[in-house]
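# Observations on the model geometry
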2 protein chains.
Amino acid sequence: MKTNDPYLMIPGPVTVLPRVLKAMSQPLIPHRGKEFEEILNECVEGLKPLFGTGEDVLILSGTGTLGMEASISNFVSEEDVVLNIVNGKFGERFYEITKKYATPRLLEFEWGNSVDIEKVEEGIEGVNAITIVHNETSTGILNPVKEIAKIAHKEGALVIMDGITSVGGEYVEMDKWGVDVAVVGSQKCLGCPPGLCAVAVSERAWDKAKEVKNTPYYCDLLEYKKALEKGQTPYTPAVSLFLALRECVRIINEEGIDARVERHRRASTAVREAACALGIELFPEIVPPSKYSPTVTAMRMPNGITDSELRNGMKEYGVYVAGGQGRLKGKIFRMGTMGDFNFRNLLGAISILEGVLVSHGVIDKPGAGVGAAVEVLFG
Amino acid sequence: MKTNDPYLMIPGPVTVLPRVLKAMSQPLIPHRGKEFEEILNECVEGLKPLFGTGEDVLILSGTGTLGMEASISNFVSEEDVVLNIVNGKFGERFYEITKKYATPRLLEFEWGNSVDIEKVEEGIEGVNAITIVHNETSTGILNPVKEIAKIAHKEGALVIMDGITSVGGEYVEMDKWGVDVAVVGSQKCLGCPPGLCAVAVSERAWDKAKEVKNTPYYCDLLEYKKALEKGQTPYTPAVSLFLALRECVRIINEEGIDARVERHRRASTAVREAACALGIELFPEIVPPSKYSPTVTAMRMPNGITDSELRNGMKEYGVYVAGGQGRLKGKIFRMGTMGDFNFRNLLGAISILEGVLVSHGVIDKPGAGVGAAVEVLFG
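Remember, it's a predicted structure, so these values are computed and weren't measured experimentally.

## Points about the relation of the copies chain A and chain B
Rotating chain A by 180° and moving it 0.0 Å along the rotation axis overlays it on chain B with an RMSD of 0.0 Å. Taken together, these values place the two copies in the relation of a two-fold axis. Every residue of chain A has its C-alpha some distance from the rotation axis, and the shortest such distance is that of Gly62(A), at 2.3 Å. Here 100% of the interface residues in chain A have copies in chain B that are interface residues too; the copies meet face to matching face.

Next up, the structure:
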């Protein structure tokens, strides 16, 4: 049964609400002038509380990787030592980018494992900046940024955080945690189409940025800061996506950040409970549950079904989930709970998963997974 | 009389057709998989004839300046000498970007003046690459890329061309002219919202790219080439904008490139004739007319009216034109004829200009400008 109404439960891009699509499809307006200035400012002010910051937030036309490059290239020089904490694909991407701009010091943990705080303490000496992924989308792990930032600050190191898949879906307290630079992508928990990213920058980080010379032209954040003071972006922005993002910011304000975080946490708990009830192993077998990502759940591929059978099987019923990335390809599958999803779609997706598992003989009888999820959602 | 139906005759972003907005606002699809692959390929194949190339075309999520940075940073190293031919703001931007990646040699002409080919010949010795803006949007000039490329090739220099506001609106013959790298922005003659850019790359340029080390991570074109072979982009693309661009490519194919170029040329001629009939001086007082841009016309601000009176006056009636940039601020105004505009809107815009000029006492009687334009369009 093919459907023309696909629902994305991949960890971004997410299915966006019709009112966001509608906002995006308004006729173009000029990118210089009062109208765009108001849109830009509403986006910026709307993002600040999601980052947990009163500092500057700059929005760039480009996807998350551009934001990651901006958050490194503006704040480190060749001679700076950067501790790259890696326990998944996006930590690794930070490391790859760092190689272009500074002297990386790799601190890698098994993908799917938690960050060992003691190892961070051992590796921090002489470090000028650290990179850490808050929510490691590739493995479904939430990293302890607050604890890591504390260690970094003792050494005077800048804390650069990938919040691409956490900001807007989980509490981020940049100022309280002492994070200096954080980045978010539009197409994740913010519920917007892909094409924009935003970088939040502390005063301390700006001081450093003024000395840095090797920043690429297009992502030089000092230029974005200067332009923002005039209500502009330095280069033509993706105007339609800003219209979409403004609508998302309004949606988030209507829901409220507490309710939004609660919805994300509850949904991911429901997915995990459903997996357990179906005998599917969670990929990172970590405790306590607080270390699991609230926005994406990674599960081991069950015996008796292949990656493509599972994902294509679900896709036929209009539910998109993601496979493993890099070294985890074929070994895990991932279900995102990001943005403006609702429980009806979530339970529908879990039910479709059960149907596919039944039809491949992986489980005998459907119902247990959805049942467990309903208990969480209605509990 | 305020209107809620603004029409952008600035040199980008342009007002896009409703069917493009509709295509853009389709529900999100995943960026990995067959559906997106088909969209990506249709965009790439649709752009090739507009560049006049059979070589690779890579599409990046970001606006034109990102494309300009990609076209320099992938193809030059620090020790390379780059001749930056500058006769306007975008030529200057190429120069600014070059400073980050190579050793620039500035060859500047008065903004609004033509490029003096003899000076290019004198300056070409020992040059590894040249940058040239095909259509200098800031001044309304079309530069003689073919002649310049011939000189560059004698020296073995790569030819890097900004085609941001020409590709899709004027003939570009990359392969025939010997242009090695060319860039276009989505929001200009292609008739798409801003947020995408595309770079076309010759075989000779790829050979060089393999040696270059300092390319930023996000715009490393070799990664885009590798990903494109699998029908993908290396990082999450701005999916909705690709849906829009595909629609634009279809619109362009329906119109046909010859008819499209003819429409752009005729429209810009109509604007210039209207200006002359109204006693408005064209900004670059150059001959022959073939050196005038076919996609944007720059005019000197008439006596008796200020920049803001003229532009705000027209805006009240829903027509947006642009002011001067950089050192030309306040001295000129510019009317774009880019993308999927039609003659009704164009004549409407010229009529509104006349109305504003009459109401400020700049001209006595309206009609002459539109009359001259109608003669061109119906001639």
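Continuing now.
## Here we look at the interface of chain A and chain B
Residue-level contacts link 41 residues of chain A with 41 residues of chain B. Secondary-structure elements contributing two or more residues to the side of chain A that touches chain B are helix 1 (18-24), helix 3 (64-73), helix 4 (89-101) and helix 10 (239-255) of chain A. Ranked by the residues each element gives to the side of chain A that touches chain B, the list is headed by helix 3 of chain A, at 4 residues. Class assignment of the residues belonging to the side of chain A that touches chain B gives a composition of 25 nonpolar, 12 polar and 4 charged.

## Some details on the confidence of the model for chain A
Overall, the prediction assigns chain A a mean pLDDT of 96, with 99% of residues at 70 or greater. Here the complex is predicted with pTM 0.97, and the ipTM for its interfaces comes to 0.95.

## Observations regarding unusual backbone geometry
Note the cis peptide between Gly12(A) and Pro13(A), where omega equals -10°. Note on placement: Pro13(A) falls in the loop between strand 1 (7-8) and helix 1.

## So, the sheet that holds strand 11 (residues 296-300) of chain B
By definition, the strands of a sheet pair up through backbone hydrogen bonds, in either a parallel or an antiparallel sense. Residues and elements named next belong to chain B. Across the sheet, 3 strands lie side by side as 11-14-13; this open sheet has antiparallel pairing. Only two strands of the sheet have a single neighbouring strand rather than two, namely strand 11 and strand 13 (322-323). Judged from the 2 bridges that link them, strand 13 and strand 14 (residues 332-336) form a sheet pairing that is antiparallel. Residue pairing across strands places Gly323 opposite Phe333, the latter belonging to strand 14.

## A short note on helix 3 (residues 64-73) of chain B
Most of helix 3 of chain B sits out of view: 10 of its 10 residues are buried. Burial in helix 3 of chain B covers these residues: Gly64(B), Thr65(B), Leu66(B), Gly67(B), Met68(B), Glu69(B), Ala70(B), Ser71(B), Ile72(B) and Ser73(B).

## Comments concerning helix 10 (residues 239-255) of chain B
Every α-helix carries 3.6 residues per turn, so stepping three or four residues along brings you back to the same face. Residues and elements named next belong to chain B. For helix 10, built from 17 residues, the straight-helix expectation of 24 Å at 1.5 Å per residue is met to within 8% by its first-to-last C-alpha distance of 25 Å. Counting buried positions over the 17 residues of helix 10 gives 13, a clear majority of the element. Of the residues one or two after helix 10, Gly256 is the one with positive phi, at around 90°.

## A word on the pairing of strand 5 (residues 129-133) of chain B
Along any regular strand the residues' side chains alternate between the sheet's two faces. Residues and elements named next belong to chain B. When you tally the buried positions in strand 5, you get 5 out of 5 residues, the bulk of the element. Residues Ala129, Thr131 and Val133 point to one face of strand 5 and Ile130 and Ile132 to the other, with burial holding for every one of them. Where strand 3 (residues 81-86) lies against strand 5, 3 bridges are found, and the strand directions are parallel. Along strand 5, the bridge assignment pairs Val82 with Ala129. Here strand 5 runs beside strand 8 (residues 158-162); their pairing, made up of 5 bridges, is parallel. Looking at strand 8, one finds that Ile130 is bridged to Val159.

## Considering the domain arrangement of chain A
Residue and element names in this part refer to chain A. By domain assignment, chain A separates into domain 1 (7-14 + 256-378) and domain 2 (19-254). Computed from C-alpha atoms alone, the centre-to-centre distance between domain 1 and domain 2 is 27 Å. In this complex, domain 1 contributes 27 residues to the contact, which on the side of domain 2 involves 29 residues. Those elements that provide at least two residues to the side of domain 1 that touches domain 2 are helix 11 (257-277) and strand 11 (296-300). For the side of domain 1 that touches domain 2, the element with the highest residue contribution is helix 11, accounting for 4 residues.

## With respect to the environment of Gly304(A)
Residue and element names in this part refer to chain A. Structurally, Gly304 is set in the loop between strand 11 and helix 12 (307-316). Looking at Gly304, the number of C-beta atoms within 10 Å reads 11, which means it is exposed. For the pair Gly304 and Gly361, spaced 57 residues apart in the sequence, the C-alpha separation amounts to 7.2 Å.

## Quick word on the packing of helix 11 (residues 257-277) of chain B against helix 14 (residues 368-378) of chain B
Residue and element names in this part refer to chain B. Relative to each other, helix 11 and helix 14 sit at 150°, their axes nearing to 7 Å. Between helix 11 and helix 14, the crossing angle belongs to the class labelled roughly antiparallel. Judged by the sense of rotation from one axis to the other, the crossing of helix 11 with helix 14 is right-handed. Judged by residue contacts, Arg266, Thr269, Ala270, Glu273, Ala274 and Ala277 of helix 11 engage Ala368, Gly369, Val370, Gly371, Ala372, Ala373, Val376 and Leu377 from helix 14. Looking at the contact of helix 11 with helix 14 residue by residue, the classes come out as 9 nonpolar, 3 polar and 2 charged.

## Quick notes on the environment of Ala349(B)
Residues and elements named next belong to chain B. Residue position: Ala349 is located in helix 13 (residues 343-359). In this structure Ala349 comes out as buried when scored by C-beta crowding, with 27 C-beta atoms within 10 Å. Among residues more than four places away in sequence, those in contact with Ala349 are Tyr7, Met9, Val319 and Met335.

## Topic: the pairing of strand 8 of chain B
All names here are of chain B. In terms of burial, strand 8 is a largely internal element, 5 of the 5 residues being buried. Where strand 8 meets strand 9 (residues 181-185), 3 bridges bridge the pair, whose relative direction is parallel. Bridge pairing links Met161 to Ala182 in strand 9.

## Digging into the sheet that holds strand 13 (residues 322-323) of chain A
All names here are of chain A. Spatially, the 3 strands line up as an open sheet ordered 11-14-13, and their pairing is antiparallel. A single partner strand is all that each edge strand has here, and the edge strands are strand 11 and strand 13. With 5 bridges joining them, strand 11 and strand 14 (residues 332-336) adopt antiparallel strand pairing. Within the sheet, the bridge partner assigned to Met299 lies in strand 14 and is Phe333.

## Describing the packing of helix 12 of chain A against helix 13 (residues 343-359) of chain A
Residues and elements named next belong to chain A. The contact between helix 12 and helix 13 brings their axes to 9 Å, and the two run at 125°. It follows from the interaxial angle that helix 12 and helix 13 lie oblique. The two elements helix 12 and helix 13 cross, and the hand of that crossing is right-handed. Each of Leu310, Gly313 and Met314 in helix 12 lies in contact with helix 13, whose residues at this interface are Ile352, Leu353 and Val356.

Criteria and thresholds
Residues numbered from 1 in each chain as written. Chains lettered and ligands numbered in written order. Predicted model: local features only at pLDDT ≥ 70, side-chain atom pairs only at ≥ 80, totals over all residues. Least-squares fit on C-alpha atoms with pLDDT ≥ 70 in both. Contact = placed C-beta atoms within 7 Å. Helix = DSSP H or I, 4+ residues; strand = E, 2+ residues; numbered from the N terminus. Nonpolar A, V, L, I, M, F, W, Y, C, P; charged D, E, K, R; others polar. pLDDT = per-residue confidence, 0-100. Pairing = 2+ DSSP bridges. Buried ≥ 20, exposed ≤ 12 C-beta atoms within 10 Å, placed from the backbone. Expected span 1.5 Å × (residues − 1). Domains from an automatic or database assignment. Axes fitted to C-alpha atoms, helices over the stretch in contact; angles between N-to-C directions. Parallel < 35°, antiparallel > 145°, perpendicular 65-115°, else oblique. Left-handed = near helix turned anticlockwise from the far one by under 90°.

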